[in-house]
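Here is what each chain is made of, one letter per residue.
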Amino acid sequence: MGLKTLKITLLLCAVLALIPAAASASRNQLALFQDDDLLLDHGDASRESLLDEVSGLGVDAIKVQLNWSQVAPTGRHKPSGFDATDPAQYSWGKYDALVRAAQSRGIRMLVTLAGPAPGWATTGTRRDTVGVNRPSAREYGRFAEAAGEHFTDVDTWSFWNEPNHHSFLYPQATRSRVPAAPHIYRSLVRAGVAGLDRAGHRGDTILFGELLPIGKARHFRKNNMKPLEFLREFFCVDSRWRPFRGRAAKARGCNRYKRLTGVTGFAYHPYTRSGGPRIKEGSRDDATIGALDRVTKTLDIARRHHRIGGRPLPVWNTEFGFQSDPPDAFAAKLRRIPGFLSESEWMSYRNRRVASYSQYTMTDTPLASRGDLFGTWQAGLRFASGRAKPGVYASYRLPLFVRLLGPSAVEVWGDARPDGAGATVQVEQRLGRGAFKPLGGPVTVRNVRGYFLQRYRISKASRRSFRFASGGHTSRTTKAAVR
């Protein structure tokens, strides 16, 4: 390194050291957790055990997909005399049990009013699209009203699941390749807001979106749409934010667009590819967790153009995780996931617009065969056998990210999530293979979610390893990263 380069590096380090620590951070983002399979479909013992476990991990809220077709009468024809707004005519069963059990532990519920719809509330007869083919907005609003009437103590809601995925909302585009799903979804959102309003939930936290982070560039009936393009279409504007007019507006149902109101946040699934959170998608219309600024920018432009009302919307991470290899050979290497999880949460913490950080799920889906990988989910903190994934479970319990500020300075960020405010944290370090030693004195966590951020001066910072201890547990060991 030349003298000039060294001086520039030292100057940069000095400037970094003067920056206020996480000045615009989202210090109160909720820890959100979802595992519908274990919480709904494996009986009382499974539900109670998992709720106890995640409560011990410091989870603030449980997300559950309330599947319309599972609680409503089924069939191709609406039953005679069925009043879709009457909660007494639905079978809430397992959802009731989950809501009661979670709330008894002080865990908040996020209920997603999701598809598939009953056959009588959709169009078409194809088996692969029944329940997702142009679901009726009118019937969806009635379903939302009934759910709101029934779950009076729930105060956080969202609409549908991944409407930019053809398996959940069909078609994504018309035969002439005009985007269709965003406009179908807009009708569902408006109907859902109205239904919850009629049920007395005005003033609740009401989210829309639930979008996948990566899509395809070309419009086909089964091509998943890019999320930010989906949003522009949802708001009835083109790529330059000009409202659709004439034939283009008519084809989309945008002739009489009215500003969207009644929603208070945007739900998003900011998954990354196997390379981890630092890799940003090349398309500006895709956005993984490292590019959430693309999402907030899009929402803010929509607000400036009067396509949506209210204050700037927070972004809720409502589904996230890293599928692992093993068992999925196409996923992220297991040894890298602990670091990916911690860095992803650190990224979220630094963004003041992020309202939650999610883990989906606790346990991998069992595989019927090796060829079954693509139909299953492998982003759990545990393997399907129930064994904790090495480093992954521990990284979720006590996330740690250390940023290198210079040759002799580091910033240590972590989350003593299980104990929250009042927890005592001891940061430790070692050089090479030596013993770990305390770095500074014990730190008392002031943040209600358990987050802490400390800066230290220490020689040979890039060569040291770091960890922290809290509540009888020790975080994973990590090196300082250049960010």
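Everything below is about the structure shown above.
Remember, it's a predicted structure, so these values are computed and weren't measured experimentally.

Reading the values: rules and limits
Residues numbered from 1 in each chain as written. Predicted model: local features only at pLDDT ≥ 70, side-chain atom pairs only at ≥ 80, totals over all residues. Heavy atoms only, no water. Pairing = 2+ DSSP bridges. Helix = DSSP H or I, 4+ residues; strand = E, 2+ residues; numbered from the N terminus. Axes fitted to C-alpha atoms, helices over the stretch in contact; angles between N-to-C directions. Salt bridge = Lys/Arg side-chain N within 4 Å of Asp/Glu carboxyl O. Buried < 20%, exposed > 50% of the residue type's maximum accessible area, 1.4 Å probe, protein only. Patch = residues over 30% accessible without salt bridge, like charges linked within 9 Å, V, L, I, M, F, W, Y side chains within 5 Å. Areas by Shrake-Rupley, 256 points an atom, 1.4 Å probe, with all protein chains shown as cover. Lys, Arg positive; Asp, Glu negative; His and termini not counted. Charge placed at Lys NZ, Arg CZ, Asp CG, Glu CD. Disulfide = S-S within 2.5 Å. Contact = heavy atoms within 4.5 Å. Expected span 1.5 Å × (residues − 1). Arc of directions from axis to C-beta.

### Looking at the sheet that holds strand β10 (residues 354-360)
Part 1: Ordered in space as β1-β2-β3-β4-β5-β6-β7-β10, the eight strands form a closed barrel in which the pairing is parallel. Across the sheet, the axes of successive neighbouring strands diverge by a mean angle of 30°, strand direction being ignored.
Part 2: Strand direction decides the pairing type here: strand β4 (residues 156-159) and strand β5 (residues 205-211), joined by three bridges, are parallel. Residue Ser-158 lies in a different strand from β5, and its bridge partner there is Leu-207.

### Structural notes on the sheet that holds strand β12 (residues 409-415)
Part 1: Read from one edge to the other, the open sheet built from three strands follows the order β11-β12-β16, with strand pairing classed as antiparallel. Both outer strands of the open sheet, β11 (400-406) and β16 (451-457), are each paired with one neighbouring strand and no more. Pairs of neighbouring strands in the sheet enclose a mean axial angle of 15°, with direction left out of account.
Part 2: Direction of pairing for β12 relative to β16: antiparallel, over a ladder of seven bridges.

### Concerning the pattern of salt bridges
Part 1: Following the criterion strictly, the structure yields 28 salt bridges and no others.
Part 2: Across the salt bridge formed by Glu-411 and Arg-403, the nearest N and O atoms sit 3.2 Å from each other.
Part 3: Of the residues examined, Arg-403 reaches a relative accessible area of 7% and is grouped as buried.
Part 4: Here the salt bridges share partners, and the residues they tie into one network are Asp-44, Arg-47, Glu-48, Asp-52 and Arg-105.

### What about unusual backbone geometry?
Part 1: Residue Pro-171 is reached from Tyr-170 by a cis peptide bond, and omega for that bond is -5°.
Part 2: Looking at the secondary structure, you find Pro-171 in the loop between β4 and α7 (181-198).
Part 3: The omega angle of the peptide bond from Tyr-360 to Thr-361 is 20°, so this bond is cis rather than trans.
Part 4: Tracing the sequence through the fold places Thr-361 in the loop between β10 and α12 (392-397).
Part 5: A positive phi is found at Trp-241, a non-glycine position, where the angle reads about 65°.
Part 6: The exposure class of Trp-241 is buried, given its relative accessible area of 11%.

### Overview of the pairing of β10
Part 1: Extensive coverage of β10 is indicated by the burial of seven of its seven residues.
Part 2: Examined bridge by bridge, strand β1 (residues 30-34) and β10 share five bridges and lie parallel to one another. Looking at β10, one finds that Leu-32 is bridged to Ser-358.
Part 3: Bridge analysis of strand β7 (residues 315-317) against β10 gives two bridges, and the strand direction is parallel. In the sheet register, Trp-316 faces β10, and the bridge partner there is Ser-356.

### Comments concerning a positive patch on the surface
Part 1: On the surface, Lys-280, Arg-284, Lys-297 and Arg-304 cluster together into a positively charged patch.
Part 2: For Lys-297, a relative accessible area of 51% translates into the label exposed.

### Side note on the state of the cysteines
Part 1: For the structure shown, the criterion picks out one disulfide.
Part 2: Disulfide partner of Cys-236: Cys-254, at an S-S distance of 2.1 Å. Since a negative S-S torsion denotes a left-handed disulfide, the Cys-236-Cys-254 link at about -80° is left-handed. Of this pair, Cys-236 sits in the loop between α8 (227-234) and α9 (246-252) while Cys-254 sits in the loop between α9 and β6 (265-268), and the two are 18 residues apart along the sequence. The burial state of Cys-236 is the same as that of Cys-254; both residues are buried.

### Describing the environment of Asp-155
Part 1: Structurally, Asp-155 can be placed in the loop between α6 (137-150) and β4.
Part 2: A relative accessible area of 35% places Asp-155 in the partly exposed class.
Part 3: Once the C-alpha coordinates of Asp-155 and Leu-110 are considered, the two residues, 45 residues apart in sequence, prove to be 7.6 Å apart.
Part 4: Ignoring any residue separated from it by four or fewer positions in sequence, one finds Asp-155 in contact with Arg-108, Asp-204 and Thr-205.

### Overview of helix α3 (residues 43-56)
Part 1: In this model, α3 (14 residues) spans 20 Å end to end at C-alpha, consistent with the 20 Å of a helix rising 1.5 Å per residue.
Part 2: Among all positions of α3, only Ser-46, Arg-47, Leu-50, Leu-51 and Val-54 are buried. Down the axis, α3 shows its buried residues gathered within 125° of arc, on one side only. Across from the buried face of α3, at angles greater than 90 degrees, the exposed residues are Asp-44 and Ala-45.
Part 3: At the C-terminal side of α3, Gly-58 shows a positive phi close to 85°.

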